[in-house]
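Summary of structural features
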Amino acid sequence: MRKVILQLDYYLGGQFAGLATGLARGMFASRGLDVSLVAPCTPGNEGAAVVAHQRQMSQMKDATVVVGVCEQNSLAADAPLVAFGAMFDRSPLAVARRRGQPLRRVAAHVDSLKLMEAALDGYAGGVRGVAVQEVSRVDEAHRKALLVGGEVDGIQCYHTTEPLSWFDSTSAMDVLPVCATAPGGIGSLDLGYSQALFATKGADPAVLGAFLDGLFEGWRAASADPIRAGEEIAALPADDNDTALFGAAGRDALFHGAVAARCAPAALRQAAVGGRIDGNRWASVDAELERVLGKAPVDVIAVGADEPETVPVGHIVARALRADARLRARRVQKMTGRAPSVAIVRAGDPEAAAGGEDRAAIATNETTGAVESWFAKEALLTGDGIDVEIVALAEDASAATIAAAARAAEARADAVLVERGPDAAPA
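Residues numbered from 1 in each chain as written. Predicted model: local features only at pLDDT ≥ 70, side-chain atom pairs only at ≥ 80, totals over all residues. Heavy atoms only, no water.

**Here we look at the overall build of the protein**
When helices and strands are tallied, the protein shows 14 helices and 14 strands. Relative to its 427 residues, the protein shows a buried fraction of 49%. Across the protein, the fraction of contacts at a sequence separation of at least 24, relative to all contacts at a separation of at least 6, is 77%. Element-wise, carbon and sulfur atoms account for 52% of the exposed surface of the protein, whose accessible area totals about 18,800 Å². (Helix = DSSP H or I, 4+ residues; strand = E, 2+ residues; numbered from the N terminus. Buried < 20%, exposed > 50% of the residue type's maximum accessible area, 1.4 Å probe, protein only. Contact = heavy atoms within 4.5 Å. Areas by Shrake-Rupley, 256 points an atom, 1.4 Å probe, with all protein chains shown as cover.)

Set out below in structure tokens:
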């Protein structure tokens, strides 16, 4: 087995779902790799940390390969590095803005201040010269308080992560991508690849390729069932200091699964090209970042043997919504002391009428065995932590009868869903 050490750039969470699933299901081991993790280093020092660790391995005559991960826009070091892949095709960097408000003052992490200033200079729909102020990277509650209290108009976030904890009624905000190439992106720069993978120049390309292939086999599996992937993240072995690896989120499997689901579309777009980097785009982004930030460019190499595989993204988006729903249901339970509730007013059995004998099969994910379909709504909602009441009516119930039942159910439930068969009379 060849040993690989991965230097993390941030705490373990859903953005590392492919890694966790690959480790849990032997996808690295099957390629002859023994992968271990190193807790996050100081933001912006990922390149230097990998160089130092690899030098230490070399001095010890140890063949271990040290791999790093970070955003393309922050990758730099005092020795030659090579990028050999990326988990996501673009940066999830975003600004959470008070809904409908222009951006004039934005709070950003210290390691992103210059990047945010450059990206938001003349942002779409705004004014030139947005004032960017430093705020703690780890204190999400403080950042949100600054925004809700009106001290700033926007706060830096990653659209895959922090907004998942902003479900309460005081958080009326828009989340706007910063990367110029993202749909709706408000920034003026292509921020490049996210979770870029790199090593020191001269690292064994066969080992790097096996790592990349195992990682994206893991991402395809994690995307198929992000809730399970969250459980695999939470179950990763660690030393006595869990906080160093997991941060404030800890081993919250559901939160990690919801983040994994939001990361999955970008990971699958990369899976469609085998996780590899487009050298021309990388070089173009690096050249612009060198111009505006002075970031030294990094070379790209091609590795990996697995054939690229395209996975339909539509189902993945649906699973992301389901993971969000579970997280929201849990938040309601904590805030109110009770689970959210839905009443289904059902005239006849529309699910059976539409699905027929194949209803059970249609309702079940054949890969994971999870119920995730319109054809089994009660099981679906119950599985997500939502109480369900079925109000059963005759198939030929009149529109007036159905409406009366729905009004009565509305007094007992947080939401009411009405189902009528395909041949029901018009309301």
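Now that the structure has been shown, the text picks up again.
**Concerning the pattern of salt bridges**
On inspection of all chains with the given rule, the structure shows 20 salt bridges. D174 is the salt-bridge partner of R97, the closest N and O atoms lying 3.3 Å from each other. Note that R97 is positioned in strand β5 (residues 93-98) and D174 in strand β9 (residues 173-177), a separation of 77 residues in sequence. The same class applies to R97 as to D174, namely buried. The closest approach of N and O atoms between R412 and E389, which form a salt bridge, is 2.8 Å. Of this pair, R412 sits in the loop between α14 (399-410) and β14 (415-420) while E389 sits in strand β13 (residues 387-393), and the two are 23 residues apart along the sequence. One salt-bridge network, held together by shared partners, links R25, R228 and E232. (Salt bridge = Lys/Arg side-chain N within 4 Å of Asp/Glu carboxyl O.)

**Some details on the packing of helix α3 (residues 113-120) against helix α9 (residues 279-293)**
Where α3 contacts α9, the axes come no closer than 11 Å and their chain directions differ by 105°. One element, α3, and the other, α9, form an angle in the roughly perpendicular class. Residue-level inspection shows K114, L115 and A118 of α3 in contact with α9, the latter providing L289, V292 and L293. Partitioning the contact of α3 with α9 into residue classes produces five nonpolar, no polar and one charged. (Axes fitted to C-alpha atoms, helices over the stretch in contact; angles between N-to-C directions. Parallel < 35°, antiparallel > 145°, perpendicular 65-115°, else oblique. Nonpolar A, V, L, I, M, F, W, Y, C, P; charged D, E, K, R; others polar.)

**Side note on the packing of aromatic side chains**
All chains considered together, the criterion is met by four aromatic pairs. For the pair Y10 and Y11, a centre-to-centre distance of 5.0 Å together with 55° between the ring planes defines the contact as tilted. Y11 sits in the partly exposed class, given a relative accessible area of 26%. When the ring of F88 is compared with that of W219, the centres are 5.6 Å apart and the planes differ by 70°; the resulting orientation is edge-to-face. You can see F88 sitting in strand β4 (residues 81-88) and its partner W219 sitting in helix α5 (residues 205-224), a full 131 residues away along the chain. (Phe/Tyr/Trp six-rings, centres within 6.5 Å; stacked < 30°, edge-to-face > 60°.)

**A word on unusual backbone geometry**
Positive phi values are uncommon outside glycine, yet K61 reaches one of about 60°. Positionally, K61 belongs in the loop between α2 (46-59) and β3 (65-70). Even without being a glycine, Q195 presents a positive backbone phi close to 55°. Summarising the element assignment, Q195 is placed in strand β10 (residues 194-200).

**Observations concerning the pairing of strand β8 (residues 154-158)**
Each regular strand carries side chains that alternate between the two faces of the sheet. Extensive coverage of β8 is indicated by the burial of five of its five residues. The alternating pattern of β8 places G154, Q156 and Y158 and I155 and C157 on opposite faces, both of which are buried. The pairing of β5 with β8 spans five bridges and is antiparallel. In the sheet register, R97 faces β8, and the bridge partner there is G154. In the sheet, strand β6 (residues 105-108) pairs with β8 via two bridges, with the strands oriented parallel. Bridging from a neighbouring strand, V106 pairs with G154 of β8. (Pairing = 2+ DSSP bridges.)

**Some thoughts on the nonpolar core**
In this structure, V67, F84, L197, F211, L215 and W219 are the most contacted members of the largest nonpolar core, which totals 51 residues. Residue contacts for F84: discarding those within four places in its chain leaves V67, L197, F198, A199, L208, F211, L212, I277, I301 and V303. Formed by 22 residues, the second largest nonpolar core is a distinct cluster that contains L93, L176, C179 and L189. (Core = buried A, V, L, I, M, F, W, Y, C linked by side-chain atoms within 4.5 Å.)

Function-wise, these values are silent; they only describe arrangement.
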